[in-house]
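Single-letter residue listing:
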Amino acid sequence: MSRVKDPSLAPKGRQQIYWAERNMPVLLAIRRRFAEEKPLSGLRIAASLHVTKETAVLVKTLIAGGAKVALVPSNPLSTQDDVAAALAEDGVEVYAWRGMGERDYYNAIGFALSTSPDITLDDGADLTTSLHKLAHGVRDEVIGYVLETAGGLDFKALAAKVKGGTEETTTGVIRLRALHRSGQLLYPIIAVNDSYTKYLFDNRYGTGQSTWDGIMRATNSLIAGKVVVVAGYGWVGRGIAIRAKGLGARRVVVVEVDPIKALEAVFDGFEVMPMSEAAEIGDIFVTATGDIHVIRVEHILKMKDGAILANAGHFNVEVDVEGLEKIAKAKRSIRPYLDEYELPNGRRVYLIGEGRLANLVAAEGHPSEVMDMSFANQALAAEYIAKHKLPLGVHKLPYELDAEVARLKLATMGIRIEELTEEQRKYLSSWELGT
Ligand code: ADE
């Protein structure tokens, strides 16, 4: 059973998937191998991922490997309805539409659990943590919504049946490591995010480009000449800051709590200051910290008239939207995914996509070329879980598989690299030779 917005959008979705496939050669190479070897034969996979054309290419790869897949969103506002319709028409169990409320969103998670998966794929860990809450007897409002569609299951038995799960994003990995530290993790996780061929590319170049794509589609603002403030100098923040420079921003200011990362930002050529100071000078603010309330009411009240706020972190908590809603004298929608708030001081600020991921809400998420590597890691992680009995814990994918993704990507780009000579190999493995 599927629930999508409009099944008649399927032909449009199919074309989008075709376009993504053209730009995801690594995943297609894995799909061809999966079709022959069927490493996922007989396994049920429940995936909570952004429902995009790139995710569709991953889902079709998993199906080629023999899996039966249920797909639900990992964000209420990121679903591409045409893609969801195309997948549903192809027999994937999809429960997703753009603009779901919180209840629908957790109903979808419950639906995914009701398929009794052997493997879970997650982006942000809502699916995995929901199952863990249920198995540990934790009940809260959102679990109430999950139970509306997953009621009647034995969740302890369900968690025991799961061979393993994957996690796509930094925020989700942080949550799952905390779950493991608390001693309550019930099945092993592969942190796909921690593969080099994921975070060095997706987090940096994917988010770096797609966040600006979202900001530009929502506002059509010129970036050249602007003062851009980036909160957080992890891989995502770095990508956003470097692309701001490339787009001609007059000043790029980094706000960072970690002294080492802050120093790196200085040496990379950016200004560094606290948010209380940056708030007064910024034209465009982008949050990428993974933490809560990075931009608070006290900062917003200092901002210039016309300031634009965008979030690139996984959850909609980085800008204190509730606080903003409370103090605002008026709010109105200006364009798709752009809301204007009139402040008590008479100034107006503009929030993109309700403070949710600007790249997936106001644009289409990362380009296919980068998701090619991220989702190659997802497919290989699912295969690894299917073939191994992993110990409980949050693991990285073995380096060899990570390097294989890079090798395949280079090959599809027609790029050859240098090889070690025998003499060099010996030199690197000996300790006797010095000056
Ligand atoms: N996360 C970021 N961009 C994405 C995309 N295009 N598809 C799925 N997940 C994503």
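Residues numbered from 1 in each chain as written. Predicted model: local features only at pLDDT ≥ 70, side-chain atom pairs only at ≥ 80, totals over all residues. Heavy atoms only, no water.

(A) Local environment of the nonpolar core. L40 and L62 are the most contacted members of the largest nonpolar core, which has 48 residues in total. If you tally residues by element for this core, the top one is helix 17 (residues 368-387), at eleven residues. In this view, L62 contacts L40, I45, A67, V69, L121, A379 and A382; residues no more than four positions away in its chain are not counted. (Core = buried A, V, L, I, M, F, W, Y, C linked by side-chain atoms within 4.5 Å. Buried < 20%, exposed > 50% of the residue type's maximum accessible area, 1.4 Å probe, protein only. Helix = DSSP H or I, 4+ residues; strand = E, 2+ residues; numbered from the N terminus. Contact = heavy atoms within 4.5 Å.)

(B) Structural view of the layout of surface pockets. Roughly 500 Å³ of internal volume is contained in the second largest pocket. Residue lining of the second largest pocket: 20 residues in total, with Y106, D126, F315, N316 and V317 positioned closest to the centre. Contributions of two or more residues to the lining of the second largest pocket are made by helix 5 (102-114) and helix 9 (170-181). Looking at side-chain class alone, the lining of the second largest pocket contains seven nonpolar, seven polar and six charged residues. (1 Å grid on protein atoms, 1.4 Å probe; cavity = no way out; pocket = protein on both sides within 12 Å on 5 of 7 lines; lining within 4 Å. Points joined across faces, edges and corners; volume = space filled by probe spheres on them. Nonpolar A, V, L, I, M, F, W, Y, C, P; charged D, E, K, R; others polar.)

(C) Up close: the side chain of R98. By the secondary structure assignment, R98 is in the loop between strand 4 (93-96) and helix 5. No salt bridge is formed by the buried R98; the nearest opposite charge belongs to D81, separated by 5.2 Å. Reaching out from R98, the side chain makes a polar contact with the backbone oxygen of L360 at a distance of 3.5 Å. In contact with R98, not counting residues within four places along its chain, are K5, P76, L77, S78, T79, Q80, D81, Y337, L360 and V361. (Lys, Arg positive; Asp, Glu negative; His and termini not counted. Salt bridge = Lys/Arg side-chain N within 4 Å of Asp/Glu carboxyl O. Polar contact = N/O pair within 3.5 Å; in protein donor to acceptor, adjacent residues only side chain to side chain.)

(D) Structural view of the side chain of K53. Tracing the sequence through the fold places K53 in helix 3 (residues 53-64). A polar side-chain atom of K53 sits 3.0 Å from a polar atom in the side chain of E54. Setting aside anything within four residues of it in sequence, one finds K53 in contact with Q16, I17, W19, A20, Q80, V83, E364 and S368.

(E) The arrangement of helix 4 (residues 81-89) in detail. Among the nine residues that make up helix 4, eight are buried, leaving the element largely enclosed by the rest of the structure. Every buried residue of helix 4 is accounted for by D81, D82, V83, A84, A85, A86, L87 and A88. Contacts from the buried residues of helix 4 go to strand 1 (3-4), helix 1 (10-22), helix 3, strand 3 (68-72) and strand 4. Of the residues flanking the end of helix 4, it is G91, one or two places downstream, whose phi is positive at about 95 degrees.

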